[in-house]
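# Secondary and tertiary structure notes
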Amino acid sequence: MDTSTPSILPPTQRYAAGALFALALHQAQIHQTRPLGLFFGEDPADADRASSCSSSGNSVSEDPELWVHEKSGLLRIVFRFLEIDTSAWSGLEETAGSAGARRHIGAFLRLLAEDSNAPSKDEDKEIALAKAIDATEQTMETVRVSYRSKKKKHREYENECREKLASDNGQPDSDAPNVPFLTPQESASSSPNSHSPRSLDKESAIKVDDKPIEEVTMISYHRKITVLYELLSACLTDKYNDNKSSTRRRKGYDARHRLALRLLSTWLDISWIKMEAVETMVACSAMAILKQQEVKGGTSSAEGRWAKIKRASIITTAAITGGALMAITGGLAAPAIAAGFGALAPTLGTLIPVIGASGFAAAATAAGTVAGSVAVAASFGAAGAGLVGTKMATRTGSIEEFEFKAMGDSHNQGRLAVEIMISGFIFDEEDFFKPWEGQIDNLERYALQWESRHLIAVSTAIQDWFTSTIASQLMRQGAMMTVMASLMAALYLPTTLLAATSFIDSTWTIAIDRTDKAGKLLAELLLNGLQGNRPVTLVGYSLGARVILKCLQTLAETESSAEVVERVVLLGAPIAIKDENWEAARKMVAGRFVNAYSTNDWMLGIAFRASLLTQGLAGIQPVDVPGIENVDVTEYIEGHSSYLWITQDILERLEMDTYFPVFRNSPLSPGRRSRPSK
């Protein structure tokens, strides 16, 4: 998308904005393997040096794996968009990648603050932009309130599940020993000589990062918003992305760019929902630009592309001659947004001359129409059949069923990021969707329905075994503790237990095979840009979590960096800790990578152990890989089936919109905090 326009920031402030973005981009890469401030006794300068990793030298130019390196294709397009003098580019890159780079943040913030509160010829434009962002944010907050009204339905779903699984809850509660299982990692970390990761909440995370509060207060609110708006526009422009040696493979909204903006908004003390409102503003700009191009360029056919777009429905494709354009939803439906753009069209038109007042007025008129929905997707490279349009009518790699369903109310709100949610333990097709209904976020959300026949079969088989008499007897004999201990030590299970669970083996083996193939298929779809080259968040529980890991491993086979996936959450994952390339998977995720586990998930232990001999299981213990947040959710999990209704609650406690690791506990519970691997 070409969002190029003369900047309204003065040259000095453009320089400072570019420098801050470079610092944020490099810090984001550091935090990929060393999450923000989570190690006691660590000098921030040491953390900076630890990141400059692959090169034997100290220069950014010698390390092409750095995100601030010229070959990444991430930074220089921003510098060029901001019209920063080319002679300063290398110096800014070296500063961002140097040891102790974070000490420069305050200086650049002070530079950004110069004249930010003094009247200027462009101040009215900055104020108008800030007002439009505030109007958009207000609408988003209204949507979030409507989500809360759906919580009651989710509770009803929980009650239905509990009634259906009354005798399960992962284990017969009265018989199974409720003994916390201490993993070797936990034993080591409890040693007085161990190097323990830090537990954080919001406040301590900000202090650990030495947030320069004084400098931030010197910058006017409308200046902060303008900086974020122009940086986002710079990230999305393709006009200057002509570096043929760049390792970046696709145009659009790079996950690493979004992560850097997430960190920068934290430094500027701007809430993330305001940044999402900025994204919506840019989506509106994209829609207006696309329409203007159609009007100015004319069409050769009886029906132009824009007219065809208007005919497309929200969840179907719009076939365009010369390149199948998918109507991935994401237009601008909210009346407040439309009214805000309409009222501010004259001023915003001067702010972004390439669109003009008439363009914004047209965008305001089109807000809420399908035209807006498709225009956003078009502007960010939607291709092929798209997500909602993806349905495996023909067998692909033995996969019988693989289709997406739009979830929530954000599919007509101009979202520039996508979330894919994957259930993996189900008893009915509704279990693909109901665990995710009512979730509060501002992403364009999709639930994946896949291989329901096999998932229902394996879930039912495991459930039936756990409600059987023999299962109850084995639990009374303490066999479940043997299962968990054996998983850790890679020992064989007792013969009696293996015999008792042998009937699970065949259905589980088939399910694992289909799961791994589904993960590869998901990776192919993402690589083909069916999400519109927008950052993706992947969340899955049980076998759905395994789909995600296999997807990431497949991405790692052809991708060198985290362009596509911004965040990942795995819950109750049936994935071996050893013999799986977790490091490669972590590299494919730009931001937070969470492994939520429960030490009392006997059902997962039995099912996994019945068919695989391995050491360690992600769903019941931490994964000791740098950059993975391990969150112990044992107190919230009664059994593996609990993920059907508790996943949403865990996600809310993780507060995934925050940049730093956090796990919020209820006031009545001592709880646990997010703990990344060392």
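Analysis parameters
- Residues numbered from 1 in each chain as written.
- Predicted model: local features only at pLDDT ≥ 70, side-chain atom pairs only at ≥ 80, totals over all residues.
- Heavy atoms only, no water.
- UniProt positions renumbered as here; feature names shortened; annotations may be inferred.
- Helix = DSSP H or I, 4+ residues; strand = E, 2+ residues; numbered from the N terminus.
- Expected span 1.5 Å × (residues − 1).
- Contact = heavy atoms within 4.5 Å.
- Phe/Tyr/Trp six-rings, centres within 6.5 Å; stacked < 30°, edge-to-face > 60°.
- Buried < 20%, exposed > 50% of the residue type's maximum accessible area, 1.4 Å probe, protein only.
- Lys NZ or Arg CZ within 6 Å of the ring centre and 35° of its normal.
- Pairing = 2+ DSSP bridges.
- Right-handed = clockwise from strand over helix to strand, strands pointing away.

In the nomenclature of an unreviewed UniProt entry, the protein chain is known as Transmembrane and coiled-coil domain-containing protein 4 of Linum trigynum. Turning to the protein chain, the UniProt annotation filed under Sequence similarities (unreviewed entry) states: "Belongs to the TMCO4 family." Quoted straight from UniProt, the Subcellular location (unreviewed entry) entry for the protein chain says "Membrane".

## Observations regarding helix H7 (residues 151–164)
Helix length check: H7 (14 residues) gives 20 Å between terminal C-alpha atoms against 20 Å at 1.5 Å per residue, within 8%. Those residues of H7 hidden inside the fold are in contact with helix H25 (643–654).

## Looking at the packing of aromatic side chains
Summed over all chains, the structure comprises 9 aromatic pairs. Between Phe-432 and Phe-433, the aromatic rings sit 6.3 Å apart at their centres with planes inclined by 55°, giving tilted as the arrangement. As far as burial versus exposure is concerned, Phe-432 and Phe-433 are alike and both buried. Taken together, a centroid distance of 6.0 Å and an interplanar angle of 70° make the contact between Tyr-636 and Phe-663 edge-to-face. Taken together, the residues Tyr-636 in the loop between strand E7 (628–632) and H25 and Phe-663 in the loop between H25 and strand E8 (675–676) connect sequence positions 27 residues apart. Taking the relative accessible area as the measure of exposure, Tyr-636 reaches 12% and is therefore buried. Of note, Arg-256 hangs over the ring of Trp-67, and the distance from its end group to the ring centre comes to 5.9 Å. Over the ring of Phe-433 we find Lys-405; its NZ or CZ atom is 4.4 Å from the centre of that ring.

## A few points about the pairing of strand E5 (residues 565–571)
E5 sits mainly inside the fold: 7 of its 7 residues count as buried. Direction of pairing for strand E4 (residues 536–541) relative to E5: parallel, over a ladder of 6 bridges. Of the residues in E5, the one forming a bridge with Val-536 is Val-565. What joins E4 to E5 is helix H22 (residues 543–558), and the crossover it makes is right-handed. Sheet analysis places E5 next to strand E6 (residues 593–597), joined by 4 bridges and oriented parallel. Residue pairing in the sheet places Leu-571 in a bridge with Ala-596 of E6. For the segment spanning E5, helix H23 (residues 582–587) and E6, crossover handedness is right-handed.

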